[in-house]
Every structure is written in structure tokens, then in C-alpha cells.
Amino acid sequence: MQLPDAAVALLESASATDAKSIEQLATATDEKPETLTGAAFDLEADSLVALEERVEVSLELTDEGKRYREDGLPEVRLYRAAADAGAADDSVPMGQVIGVSELEGPEVDIALTNFARKGLGFIDSGELSVNADADPDSDAERAALDAIADGDADGLDDDTVDRLVERGLVEQREQTHRFVTLTDDGVTALMEGVETAATVGQLTPELLTSGEWEDVEFAEYNVEADAEPVTGGKTHILRQTAESVKDTLVGMGFQEMQGPHADADFWINDALFMPQDHPARTHWDRFTLDTDLMTDLPDDLVGRVEDAHRNGVGPDGEGYHSPWSREFAEEVALRGHTTSLSMRYLSGEEIGDLEPPQRFFSVEKVYRNDTLDATHLLEFFQIEGWVMAEDLSVRDLMGTFEEFYAQFGITDIEFKPHYNPYTEPSFELFGTHPTTGKIVEIGNSGIFREEVLSPLGVECDVMAWGLALERLLMLMYGFEDIRDVHGTLCDLDLLRNVEVLA
Amino acid sequence: MPVVEIDPDELRELAGHDKPDEELKADLFGLGLEFEGETEDGTFQLEFAPDRLDRLSVEGVARSLRYQYGDVRGVYVPSTNDAEWRVEVEDVPEERPYVTAAVVRGVDMTEGKLESLIQLQEKLHATMGRKRAKGAIGVHDLAMVKGGAFDGDDRGKTITYTGIDPDGDSFVPLDADTEMTPADVLEDHPVGEKFADLVADYETYPAIYDDIGLFSFPPVINGKRTEVDEGSRDLLVEMTGTDQWTIDRMLAIVCYALDARGGRIEEVDIAYPDRETVRPDLETRTKSVAHDCIESTLGIDLEVEETIDLFERSGLGVEHDDGSYEVEIPPYRTDVLHPMDLVDDVGRAYGFNDLEPRYPDVSTVGGRHDRSKLERAARETLVGLGFEDLLNFHMISERENYERMGIDPESDTFGSGTPVRIEGPYSEDYTMLRTWALPSLAMVLENNTHRAYPQDIAEVGFAAARDDAESGGVTERRTVAGALARPDSSYEDVKARLQTIARNFGAELETPATTHPSFIDGRAASVVIDEETVGVVGELHPRVLVEHDLEVPVAAFEFDLAALR
């Protein structure tokens, strides 16, 4: 049989006939009493030993008791001082005696009280006299103090002990003593032989390679206690949302687009049939850059776009009555939407001409010179997607977006007819918030106008939609202030503690 | 989006239906006018998309409702009386050559009508008029205008649109009590100050005269003499602008609104030096729409009769012939540029939300962009190494990007480079595109000194700088930056992570010693990947740490993402 160190030692030192206390065993085995107690309980559970508990009352001197044992009881010291002062013959003024006795503070009162109680003398009208017959040397309390200090209190008179306890010179302590006796099983086990199995705190490579792990007991941990916090790395929550959107769209057959953040106004606005004097194209709303013009725009395309602006497209088409200049189209600005990427891809400039059917998307940053507050950022992510196919209808658009939003738990989509310069028909999308149940705006969509597609050389239908990623995140997580998440004012604790997107 | 204010009682009266508020709001939503709130006196505030400019006043909204309710159908064009008045155009400022006008009689102005007219005028200015630059409206009390005579006409009802010197004449403008020259108005009148930019570069200023003298200074302000108020009966509406079509459409919208108030439209002759025209232009246009196109756009089958009904309930005239509709469009419809805009009207009248969504039966293969895959792989590697992934703004200030990091824009150390500056920035915190990402990470550390360490943070993000070799002058790159902020962080720690990243991407990493002002000398190295210098790694200089109020050492790196490809 293999048992831990302490258990083996305990078994070997215990007796089948003579109950031994843990303290005795501790002395015998050189183990700590608490270790042996634990081992004894374990062995009792295995029926190898019997445990018996006895409560013992022991007496111990308090600090005050120890001091009086050293210096003498105050009343005895008072007696001796009074005797020296001649109080055996005649009464002596109390103050004089106390001065000689060197008693101080509360000791004076203690001395006076017990002096009278024990009949060591008399106190009257501030005068003190001693009883010549008294024998302070044989003071029972004093003797008891000595006996208790020597651990030999068995024969003491109960009254004396009670008195000392009352005076606060002695303390009574109850102590539970456990006594161990070998059981028959224990004797048998011993006779069959027990070996030591060590307990270990840490499983080490040595234990594993040597095979010692088979013979060790593992020290038990407090497995319920909290551990030190660890902050592992985590993908940014907005990035997780972006990844989730990308996964969804790739799963729905969409290819990803990327492209310039700083782009010509041509791609950002002109190609989208946004008139050059459109209010959104004033410098108040967009971030223009102090750079050069983008002069290498494809000339044919620029010409067709200009023509669409001036004259419209098709036999019944009309153009805008707005100024148009190539230089404005070549100005470089931060894109206000990623529809600039859609224009680049649809034009064939990015990856060559596209044949229907196609699905494309991007989840990329856009820049708006708007207000910066809890729900608006100067730069945010736009989800942009489009489907190119022959004969797309509004119903296809609705079906596609219902499918997409359903992936994020947003259902009951409503389509509010809307106006965009670049799509017709156009719809604002509204959906029911998954937790609050409120109707919220979740995107903008439509079928690209012929004035957009025809100059790009696209001869089939293209339906498109856009949505702010941050809006989706806030809907899904209920964040109150988007600035806590996105940007250099972010709160690391929020990022560390936010739930991952599952 | 713009907001238009509508008195619901007036709307009920003009629309001819006494509907309760909630029903009215639902009907308005159907028109695309979303209820935003109401003022203290119960006026509805409706948000609208800026296509149907004819709905910028209660009269136009009421007309649309009447079409929606089916009370009226087809195109309506107000009848007009022959011209008595005439506008002579001579020596006008070349920047603002166009004028249009109408007389409207019998309006009998009330407080409600006047408020509505003023709102319509303001909203048209804000939208089509491009803040008065493209078109500006002046409405006058006709009784206060004294026409003059001209050769061959004895009616004596000619006014003149012309150009004058800034100090060439004077008049008493609205909201003033003294005579002012146009130059004075721009200088001293609150309205003049607001619109001074519009004419600042003009050699001569636009001016309208009658027989008495100067009475309007478009596009800035009218004269007090001809001010319209309650009790004004007949109106002169004139508009000047940079485009004839635009001001004619604006005038049409105003005429329809006044017609709805019982006004009688009267034409005005406009005499340009080289041609004579008659205004207002209330001509309708036609476009043809194929039945097929409607069916394929809406994704449903429609009967011809039903389609005609839908057109007519949209306020359009329609003739059907051989699978095609000849659609007549009223002059207030500025948004119709293409037959598809008419298909949209049919869809709205049908009710888009009554269409059954269907998932398009189109098969395509999805996939990620190559750079997007690379970004994701780099980000996953960093997160695996224990970095907190960050997402910072691409816009930054020059102080943060260069100064606080201790680098000089014009040097050739990593992170320097000429900034791409933003013109008219939102605030001084966002004046340029960041040339590197470490400044953003330093800012995040600075803003999180109250949070537990270690703070291991990283970002795979965007940076840009000027590059004259690029068309457009901007070079953009994706960058990988990481920082270890912890009491015992060292070069060794950050180099170890850099090595792991390089190994994950099969890239050969070397780190020859370099000097970089953001890093401690002797503890900085260039990041050389596959024999090309693409970044920097080291322990941030105490100067940079103290500048960012950091009390722990920071070891950091940054390099081009493209190097991992």
C-alpha cells in the first residue's frame, strides 16, 4: 500500500492498544501536528485508524499573571512595604506605605482590595496596619500561579483557580485533543507493508520523464479561488463585426473590392451622376486634400460621364442644368462613400470588364466632414454591395437585403421609397431592432440609374446598397458612444472585456 | 435631409380631407415625407428627400395627397392670362444673366399664405437655388411697382433688370429705415453681410428698376417699398440666376403654390437684348415608358388599365400605344430626367412594400480581396501573440504624427514624409492623413494609463503620404504596428514577436542597427524583410514616453504590410 509521507509515519508510530495524541505523534514522527491531523482523517476514512476526540481544559497564566509571579502579587508587596514601615506595631499613613512599595497605577487599587480580602492587615481612615499573624509567603494564589506555570495544576483548589481567573491572572483554555489508535485493518496494512508516496505541488518534467508521477500525490488546490487576470489579445470588436459581415457576404457569393481612400472626385461623385453643384459636393461636406489633380483619368469614360451630366442618357433623357468641369472631376478628396470603388470596378478600370452576373462588396472606411458626436464619426466603415445581372427587379433587391439582414437577426425589413441622385428606384431600409423592437434605419439602396451605368459601359442592371458598419455594431451591441470603441480615445478595458462576436 | 413645416389644419383644408393626425402622418410617410416632430403650436415638421421640390410647401403636399387619395388624376396646368407686364433686360452682370417673372393676381395675402410662401421661397433657395447662387426669388406687392413705358408700347408696365455700380444708386432695403447703396447693404445690412460672397466678384451688381427707381438688389435683398404683407392682393414674382431652366422651374413651383391659393397667373414678357420670351414656362414635357420596363423593374405583371391608373394617380398624364406609354410631366417635376423616374412613380403609387421579396436566382462565387486576406492573417498573428487589436483614425494632427514622436517630416526616417493635408479640416486634431501608425498607438497608451498593464497593443491599418510620382499625388499603404507597454518591456521582447510574425509569413527578417529619433540610440533597428527596408523596431525614447505621460517602457515596431506578401 502506498500512502503519503505523513500517513505512513503516523501509522508506524501509532499503537493498536494505546491511544496516542496527535501531539505525541508529532513529537515521535517530527511532522507538523496539522499535517498529521489531515493524515489521520484520511486514514480514518480508509478505516486504518480510529480517532477519538477529547476536550481538555488547560490553564495558562495571562501576561499579568506572569508579571506578578515575577514581581510578587501587589497585595503581598504592599504587606511587605507596610511591615518594613513599622505597621505591625502601629498604623502607618497609607501614602507613605504606597510610596515605599513602588506600586503604581491600577496596581495600587488591586493591592489594597486584596490586602484586606486576604486579611493581611487593616485599612482605616487612610491609615494602614498589618496583621502580624499573616503569612504572605504561603499565599495560596501565589503557589497556584507557580503550579500553573509549571504545568502542574492538577491538584489545585478550584476556589483558588476561580479566584485567579476572576482576577484575570489565569486563562482557561478548552482544547480538543485527537487520539489515534490503530484499527485491525491498520495493523494488517502495517504488517503487509506501507510505502511512502510523496505529495507534490507542481508536476515537473522530471516527474513525468522518470515515471515518478505514478507514485506521487498532488497537493490539492483551492480550485474555487479567482486567479490573476490575464488579458490575451483580441480582435477589435468593430473588426470582428467587419469580418462577420465579410464572411456573410462571401457566403452569399460576393467578391471583395478594395481601392483608394484618397480618390478623384470623378470616381467619388461624377461617375455617380452627382451634379457638380450638388450641395454634398461643397467643401464643407467633404474632405478635400492639398494634393495634385488626378490627371490620368480614362478620357473616354470622362467624356461619357460629362455627356450624361450635360445631356442625360437615352432618347428621352435630360441632363442637369449644372456646370461641369474636368478639373473639378480631377480634384482629389477623401472618399465620402465606397461607391467610388463600385464605380471603379463597374467601369472595368480595376479588374477588367465584368460580364453579368456579378456580386461585389466592400467593408471599408469612408470620410464625412460632418459632426463628431456619440453616433457620428468623421471616418467610419461603410458596407457597400452590389449585384449585377440581367433584368433585376425591386423584388430581387428586397429579397437580397432581407437575406443579408436576417444573418444579423434583423427582420421585418421595410422599404421606404427614397431619393438618391445615382439610383432609381431608391429605398431607405428600415428594420426592427433585435432587442428593443424599435424601427431603425439600417441602410440605403437602389438600382443604379442608366445615367450611371451607361457611361461605365454596363448594359445590364445593377442594384446596390450601403450601410454604416458602426450602425450595425451599435444595433447589435447597444453601444452608447461609438468613440469608446473606434479611435485613439478607445478604452482598453472596454475592448478587453467586451464579449466576442460568436 | 431638409425639413419642411406644414400646418396640419391648412393641409386638411387644402387636401379636402378631414383626417385625424395619425392617418395624415401615415399618408405623408407614403409620400416619402417622414414625420420628425412638431412645433409648440402643432405645426408638423416633415423630413423629405430633395427630389420633389414641389412639396416644399403645404400647397404642394396637399396636391400630392389629393392625387394619392384619387380625388384628382392626371396632369394639371394652371391657366394663364396674357402678359401686361414686361421685363427689359439690359447691361446685366455677365455672371447673372437670366431672369424670369410672373404676375399673380387675387392672392389676398393672409398670415398663413404669407408664411407658407416665405418658407417655399427659403426652401427653394436652399435646394435648387443653391443658396441663391443659382437662382434667387423676389416677391413684390404689384400695387407698389410703377411700370414705365418703352418704345412702341403705351401700357407703361415695363420694369428693368440691369447691372449697376456697387455705389451706383440707393434704395431702402427690407428691414432698414435708411437709403443704402448695394455696397452699403453688403457692408452694413445683416442680410447683405450673409450673402455678400455671392456678388463679391461681380463688376456690376444686379438691380431691378421700375419707373420710380431701384427696388430690388437680387440675389441679396428686396426694397422695402414693394414688400409683401397681409392684405397684398397682386404679386410680382421675379427670379434671377445663372441658369434659365433652373429659375423657370423654381418659378413654376411658386406659381402652382399660388394657384392653389386662388391666385390667377398672368404672363410676363421678358425682353432680352437678342430675344423675347414669355414667362412663366408652364409647358409640360413628355417621355415614353415601355410597359416591359415597368414590369421588369417592379418584378410583377401589370394590366395596362392598372398602369394608366397608377400614372394618373401620380399626377402624370398618360396615353397608351402599343406596349408603351407617352407620359406627360407637369413643369413642377424637376426630378424627372429619365423614363425610369416615371417607373419609380408607378412603383410608389402601387406601393413598393406590397411587392413580394424574392432572392435573385443568380449564381456567383464569393471571395476576399488578396490584401484583405493578408490583413486578416497579419491581424490574427498579432492577436495570437497577445496583442490587443486596435482601430484608429486615419486622420491625425501634425503635432501627433511628427512633433510628439520627435521626428521631422522632411527627414528620411521611417514615419516621416510630406503630409497629405486636409483642406478645411473639421478640427485641429484632424489636419492630415497619418504617415505611420505608431503615433496612434502612443495616443492610445496615453489615454489608458489608468488601465492595467501590460498593455500590448497593435494595429494593422492605413497610412498615406504625398508622392508626386502618383497621379493625384498620394501614396497609400497598409502598415503593421505593435507596442509592448509593460514595466519590463525590452527590445528583446519586441524583436521576438517580430521574428515570429516574419516566420509565420515565410519572410526573411534582418534588423541592422539604425538611429531613429523616436527610439533609444543603440536599441533601434531597421526592419529589413527579404532584403528591403520596410520599417523600424526598438525601444521608444524616454522623451517620447514622457511626452505621452507614460511611466512604463515601451518597445515597438512598425513595418509595411506588403512586405509579408
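Predicted, not measured: the structure shown is a model, and the values here were computed from it.

The rules behind the values
For every chain, the first residue of its written sequence is number 1, and the numbers climb from 1 along that sequence. As a convention, the first chain written is A and the first ligand written is 1, with the rest following in written order. In keeping with the model being predicted, local features are shown solely for residues with a pLDDT of at least 70 and side-chain atom pairs are shown and tallied solely at 80 or more, while totals for entire chains, interfaces and linings include all residues. Think of the side-chain values as coming from all heavy atoms in the structure, minus any hydrogens and water. Secondary structure counts use DSSP, requiring at least four H or I residues in a row for a helix and at least two E residues in a row for a strand, with both numbered from the N terminus. The reference for a compact globule is 2.2 Å times residues^0.38; the radius of gyration itself is calculated from the C-alpha atoms. Whether a residue is buried, partly exposed or exposed follows from its accessible area with a 1.4 Å probe, protein chains only, as a fraction of its type maximum: under 20%, in between, or over 50%, in that order. Contacts: residue pairs with any heavy atoms within 4.5 Å of one another. Only the protein chains shown count as covering a residue, and every accessible area follows the Shrake-Rupley method with a 1.4 Å probe. Two strands pair if DSSP finds at least two bridges between them. Two parts lose some accessible area (1.4 Å probe) when they are put together, and adding that loss for both gives the buried area. Salt bridges are defined as contacts in which a side-chain nitrogen from Lys or Arg sits within 4 Å of a carboxyl oxygen from Asp or Glu. Counted as a polar contact is a pair of N or O atoms within 3.5 Å, where, for protein atoms, one must be capable of donating a hydrogen and the other of accepting one, and residues adjacent in sequence contribute only when both atoms are in side chains. Pairs were defined over the aromatic rings of Phe, Tyr and Trp, the Trp ring being its six-membered one, requiring ring centres within 6.5 Å. Orientation was assigned from the angle between planes: stacked under 30 degrees, edge-to-face over 60, tilted for the rest. The rule is short: NZ of Lys or CZ of Arg within 6 Å of the ring centre and within 35 degrees of the ring normal puts a charge over the ring. A patch is a set of surface residues, each over 30% in relative accessible area and not in a salt bridge, joined within 9 Å for like charges and within 5 Å for the nonpolar side chains Val, Leu, Ile, Met, Phe, Trp and Tyr. UniProt positions are given in the numbering used here, feature names are shortened, and annotations may be inferred rather than shown by experiment. An automatic or database domain assignment supplies the start and end points of every domain. The axes used here are C-alpha line fits, helices contributing only the stretch in contact, and every angle between their N-to-C directions lies in the interval 0 to 180 degrees. Any angle from 65 to 115 degrees is called roughly perpendicular, while one under 35 is roughly parallel, one over 145 is roughly antiparallel, and all others are oblique. Three classes are used, and their members are as follows: Ala, Val, Leu, Ile, Met, Phe, Trp, Tyr, Cys and Pro are nonpolar, Asp, Glu, Lys and Arg are charged, and the others, Gly among them, are polar.

### Here we look at the overall build of chain A
Here is step 1: Counting its regular elements, chain A contains 20 helices and 20 strands.
Here is step 2: For 502 residues, the compact-globule estimate of 2.2 N^0.38 gives 23 Å, and the C-alpha radius of gyration of chain A, at 48 Å, exceeds that figure by more than 25%.
Here is step 3: When its C-alpha atoms are laid out on the principal axes, chain A stretches across 145 × 75 × 45 Å.
Here is step 4: When burial is assessed residue by residue, chain A has 51% of its 502 residues classed as buried.
Here is step 5: When contacts within chain A are restricted to residue pairs at least 6 apart in sequence, those whose partners lie at least 24 apart make up 70%.
Here is step 6: Accessible area for chain A stands at about 23200 Å²; split by element, carbon and sulfur atoms hold 45% of it.

### Regarding the pairing of strand β13 (residues 264-271) of chain B
It is a general feature of regular strands that their side chains alternate between the two faces of the sheet.
Residues and elements named next belong to chain B.
Here is step 1: With 7 of 8 residues buried, β13 is to be regarded as a mostly interior element.
Here is step 2: One ladder, built from 6 bridges, connects strand β4 (residues 80-89) with β13; its direction is parallel. In the sheet register, Trp85 faces β13, and the bridge partner there is Val268.
Here is step 3: When strand β5 (residues 98-105) meets β13, the two strands line up antiparallel, connected through 3 bridges. The partner of Arg105 across the bridge, within β13, is Arg264.
Here is step 4: Note: β13 against strand β14 (residues 276-279), 4 bridges, orientation antiparallel.

### Topic: the interface of chain B and chain A
Here is step 1: Contact residues are listed per partner, giving 89 residues for chain B and 103 residues for chain A.
Here is step 2: Contact between chain B and chain A buries roughly 8400 Å² in total, counting both sides, with carbon and sulfur atoms accounting for 52%.
Here is step 3: Of the charged contacts in the structure, one is a salt bridge between A:Glu243 and B:Arg368, with a shortest N-O distance of 3.0 Å.
Here is step 4: Where chain B touches chain A, the interface holds 60 residue pairs in polar contact (both at pLDDT 80 or more).
Here is step 5: The leading source of residues in the side of chain B that touches chain A is helix α11 (residues 370-384) of chain B, at 6 residues.
Here is step 6: As judged from the 2 bridges shared by strand β13 (residues 288-289) of chain A and strand β20 (residues 422-423) of chain B, these two strands associate in the antiparallel manner. Looking across to β20(B), one finds that A:Leu289 is bridged to B:Ile422.

### Points about the packing of aromatic side chains
Here is step 1: Per the stated rule, a full pass over the model turns up 21 aromatic pairs over all chains.
Here is step 2: Centre to centre, the rings of A:Phe401 and A:Trp465 are 4.7 Å apart; their planes meet at 40°, and the pair counts as tilted. On the criterion of sequence distance, the pair formed by A:Phe401 in helix α17 (residues 394-406) and A:Trp465 in strand β20 (residues 461-468) is long-range, its members being 64 residues apart.
Here is step 3: Accessibility expressed as a relative area gives 1% for A:Phe401, which makes it buried.
Here is step 4: The exposure class of A:Trp465 is buried, given its relative accessible area of 3%.
Here is step 5: With centroids separated by 4.7 Å and ring planes inclined at 75°, the aromatic side chains of B:Tyr256 and B:Tyr332 adopt a geometry described as edge-to-face. You can see B:Tyr256 sitting in helix α7 (residues 244-260) and its partner B:Tyr332 sitting in the loop between β17 (324-329) and α10 (339-350), a full 76 residues away along the chain.
Here is step 6: Of the aromatic side chains, those joined through ring pairs into one cluster are A:Phe254, A:Phe401, A:Phe404, A:Tyr405, A:Phe408 and A:Trp465.
Here is step 7: We note A:Arg359 situated over the ring of A:Phe254; from NZ or CZ to the ring centre the distance is 5.9 Å.
Here is step 8: Lying over the aromatic face of B:Tyr272, B:Arg275 brings its terminal NZ or CZ to 4.0 Å of the ring centre.

### Comments concerning the sheet that holds strand β4 (residues 92-93) of chain A
Strand pairing in a sheet takes place through backbone hydrogen bonds and is either antiparallel or parallel in direction.
All names here are of chain A.
Here is step 1: Spatial ordering of the open sheet is given by β4-β6-β5, a layout of 3 strands whose pairing is antiparallel. Lying at the two open borders of the sheet, with one neighbouring strand each, are β4 and β5 (121-124).
Here is step 2: Here 4 bridges tie β5 to strand β6 (residues 127-130), and the two strands are oriented antiparallel to one another. Residue pairing in the sheet places Asp124 in a bridge with Glu127 of β6.

### Digging into a nonpolar patch on the surface
All names here are of chain A.
Here is step 1: Together, Leu203, Leu208, Trp213 and Phe218 make up an exposed nonpolar region whose accessible area comes to about 390 Å².
Here is step 2: Among the secondary structure elements, Leu203 is positioned in the loop between β9 (199-200) and α11 (205-210).
Here is step 3: A relative accessible area of 37% means that Leu203 is categorised as partly exposed.

### Points about the UniProt feature "domain: B5" (unreviewed entry) in chain B
Here is step 1: Feature annotation in UniProt places "domain: B5" (unreviewed entry) on residues 282-357 of chain B, given in this structure's numbering.
Here is step 2: Helix makes up 38% of residues 282-357 of chain B and strand 22%, whereas the separation of the span's terminal C-alpha atoms amounts to 40 Å.

### Focus on the domain arrangement of chain B
Here is step 1: Split into domains, chain B comes out as domain 1 (3-69), domain 2 (80-279), domain 3 (285-353) and domain 4 (370-564).
Here is step 2: Taking only C-alpha atoms, the centre of domain 1 of chain B and the centre of domain 4 of chain B are 55 Å apart.

### Some thoughts on the environment of A:Val305
Residues and elements named next belong to chain A.
Here is step 1: Summarising the element assignment, Val305 is placed in helix α14 (residues 299-311).
Here is step 2: Sequence-wise, Val305 and Glu44 are 261 residues apart; in three dimensions their C-alpha atoms are separated by 95 Å.
Here is step 3: With near-sequence residues (within four places) excluded, Val305 lies in contact with Phe266, Asp270, Ala271 and Pro455.

### Examining the packing of helix α12 (residues 237-251) of chain A against helix α19 (residues 469-477) of chain A
Residue and element names in this part refer to chain A.
Here is step 1: Following both chains from N to C, one finds α12 and α19 inclined at 105°, their axes separated by 10 Å at the closest point. Looking at the two axes, α12 sits roughly perpendicular to α19. For the pair formed by α12 and α19, the contact residues are Ile237, Leu238, Thr241, Ala242 and Val245 on the first element and Leu469, Glu470, Leu472, Leu473 and Tyr477 on the second.
Here is step 2: A per-class count over the contact of α12 with α19 returns 8 nonpolar, 1 polar and 1 charged.

### Overview of the domain arrangement of chain A
Here is step 1: Split by domain assignment, chain A resolves into domain 1 (2-61 + 174-218) and domain 2 (238-497).
Here is step 2: Each of domain 1 of chain A and domain 2 of chain A has a C-alpha centre, and these two points are 77 Å apart.

### So, the sheet that holds strand β7 (residues 170-182) of chain A
Residues and elements named next belong to chain A.
Here is step 1: Within the open sheet, the 3 strands sit side by side as β2-β7-β3. Their pairing is antiparallel. Here the strands that pair on one side only, and so sit at the sheet edges, are β2 (20-21) and β3 (49-61).
Here is step 2: Here β3 runs beside β7; their pairing, made up of 13 bridges, is antiparallel. Bridge pairing links Glu60 to Glu171 in β7.

### Some points on the UniProt feature "binding site: Mg(2+)" (unreviewed entry) in chain B
Here is step 1: Taking the numbering used here, the UniProt-annotated feature "binding site: Mg(2+)" (unreviewed entry) corresponds to B:Asp335, B:Asp341, B:Asp344 and B:Asp345.
Here is step 2: The residues touching B:Asp341, leaving out its near neighbours within four places in the chain, are A:Glu424, A:Arg449, B:Asp335 and B:Val336.
Here is step 3: Among the polar contacts listed, one links the side chain of B:Asp341 to the side chain of A:Arg449, at a separation of 2.7 Å.
Here is step 4: Along the chain, B:Asp345 turns up in helix α10.
Here is step 5: By relative accessible area, B:Asp345 is classed as buried at 6%.
Here is step 6: In this view, B:Asp345 contacts B:Ser314, B:Leu316 and B:Arg333; residues no more than four positions away in its chain are not counted.

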